[in-house]
Amino acid sequence: MEEAIIIGAFDFIGYNLLNKLLNDGVVVHGVDIELSEQASDLKEEKILAIGRNANFNYIEDNEWESLQEVDTLFYCVDVTGGEDLARAEDLLKEAIQYCQSTSTSLIFASTLEVVDHRTHEKITENTPSLPVNERGRVYAKLEDLLRSEYKKKSFAYLLLRLPTLYGPWQPERFAYHQLLQNEHKHGETWDEYKGDVLFIDDAVEALVQAGISESRSEIIHITTGKVDEWAKGIAYIINKSNKQRGENTITLSSEKAQELLSFSPSVSIQEGIEKQKEFIHTLTKDIGRN
């Protein structure tokens, strides 16, 4: 991969992917998307962290559609609620049209929240869609749009379903961030996916492998393959034993990711949390000096 577009380049996934590709010497066109009022308060810090990298091209909204000779387009827009669906759908249609007209590969970052977890003990790519929360319903609609457009026009794509992600730049709405920042209120619960959790660097590596893979028109689940990983992370942060099994007893298959992308996670839950803790400490100090 020599040149890529990231739609949602300053969202959690997109920004970590952006840094990975730039470090690998890839020319990246980062499309800055702000859905409703979700603009990141840390965007300026993110831009400063990139610096004046000659391989980075900052693009606002849809100015990217005139670009040519791009290998891969990554759709990494963080859609948290139904109020953002219309704009997210428009962006996806524009991305599909671009990929179809330029023969660019589309890598779509979705979520495991679209899948039916209520009646299946093992989740695979063949498990039916039946989202149980609003975010899952939004991404299920985006996936339906992707598939329906694919039937009408030929374009290369891979759809990656991701679990809850954690690590540097994790949004403040997530449990790990709140606990590490001591912002969690006693008795408060988190409306986030608890079926699995993956360190952001591992998720980014899966996306990069998808970008260079010859496999196309596939749904791939990116998971740890472990049970109760999210709960283990909570227990580690609050320094309590995790002898009791958490609410998740479902196994998420990782075989297809291993087969098609040669992917398996490399960061343990303890190592990942320590990295996130160190990042928060460093960022807080840097902001305090500014």
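Treat the numbers as computed from the prediction; the structure is a model and nothing was measured. (Residues numbered from 1 in each chain as written. Predicted model: local features only at pLDDT ≥ 70, side-chain atom pairs only at ≥ 80, totals over all residues. Heavy atoms only, no water.)

Caption draft 1: Summary view of the overall build of the protein chain. The secondary structure content of the protein chain amounts to nine helices and eleven strands. Taking 290 residues into account, the globule formula puts the C-alpha radius of gyration at 19 Å, and the protein chain, at 18 Å, falls close to it. The principal-axis extents of the C-alpha atoms in the protein chain amount to approximately 55 × 50 × 35 Å. Here the protein chain, with 290 residues, has 53% of them falling under the buried criterion. (Helix = DSSP H or I, 4+ residues; strand = E, 2+ residues; numbered from the N terminus. Rg over C-alpha atoms; globule rule 2.2 N^0.38 Å. Buried < 20%, exposed > 50% of the residue type's maximum accessible area, 1.4 Å probe, protein only.)

Caption draft 2: Spatial organisation of the environment of valine 77. Of note, valine 77 is situated in the loop between β4 (72-75) and α3 (85-102). A relative accessible area of 1% means that valine 77 is categorised as buried. Linking valine 77 and isoleucine 237, residues 160 residues apart in sequence, is a C-alpha distance of 28 Å.

Caption draft 3: Looking closely at the environment of valine 79. With respect to the secondary-structure elements, valine 79 resides in the loop between β4 and α3. Its relative accessible area of 0% is what places valine 79 among the buried residues. Expressed as a C-alpha distance, the spacing of valine 79 and tyrosine 139, which sit 60 residues apart in the sequence, is 7.8 Å.

Caption draft 4: Inspection of the pairing of strand β2 (residues 27-32) at higher detail. The buried fraction of β2 is high, at five of six residues. For strand β1 (residues 3-7) and β2, the ladder comprises five bridges, and the chain directions are parallel. Within β2, the residue paired with glutamate 3 across the bridge is valine 27. Following the backbone out of β1, through helix α1 (residues 12-23) and into the adjacent parallel β2, one traces a crossover that is right-handed. By the bridge criterion, five bridges tie β2 to strand β3 (residues 56-60) in an arrangement that is parallel. (Pairing = 2+ DSSP bridges. Right-handed = clockwise from strand over helix to strand, strands pointing away.)

Caption draft 5: Summary view of the packing of α1 against helix α2 (residues 43-50). Running from N to C, α1 and α2 cross one another at 5°; their axes reach a closest spacing of 11 Å. The orientation of α1 relative to α2 falls into the category roughly parallel. Residues Tyr15, Leu18, Asn19 and Leu22 of α1 pack against Lys46, Ala49 and Ile50 of α2. Looking at the contact of α1 with α2 residue by residue, the class counts come to five nonpolar, one polar and one charged. (Axes fitted to C-alpha atoms, helices over the stretch in contact; angles between N-to-C directions. Parallel < 35°, antiparallel > 145°, perpendicular 65-115°, else oblique. Contact = heavy atoms within 4.5 Å. Nonpolar A, V, L, I, M, F, W, Y, C, P; charged D, E, K, R; others polar.)

Caption draft 6: Expanded view of α1. Its twelve residues give α1 an end-to-end C-alpha distance of 17 Å, which sits within 8% of 16 Å, the value for a rise of 1.5 Å per residue. Burial within α1 is extensive, with nine of its twelve residues counted as buried. If you check which residues of α1 are buried, you get Phe12, Ile13, Gly14, Tyr15, Asn16, Leu17, Leu18, Leu21 and Leu22. Phi for glycine 25, located one or two positions after α1, is positive at around 85°. (Expected span 1.5 Å × (residues − 1).)

Caption draft 7: Inspection of the sheet that holds β4 at higher detail. Spatial strand order, β3-β2-β1-β4-β5-β7-β10: seven strands in an open sheet with parallel pairing. Two strands in the sheet have a free side with no partner beyond their single neighbour: β3 and β10 (218-221). Across this sheet, the average inter-strand angle for adjacent strands is 20°, counted without regard to direction. Here four bridges tie β4 to strand β5 (residues 105-111), and the two strands are oriented parallel to one another. Note that in β5 the partner of tyrosine 75 across the bridge is phenylalanine 108. Strands in contact with helix α6 (residues 200-212) are β4, β5 and β7 (157-162); relative to β7, the strand with the most contacts, it is inclined by about 165°.

Caption draft 8: Local environment of the state of the cysteines. Inspection of the entire model under this criterion finds zero disulfides. The thiol sulfur of cysteine 99 is not disulfide-bonded, and the nearest other cysteine sulfur, from cysteine 76, lies at 12 Å. (Disulfide = S-S within 2.5 Å.)

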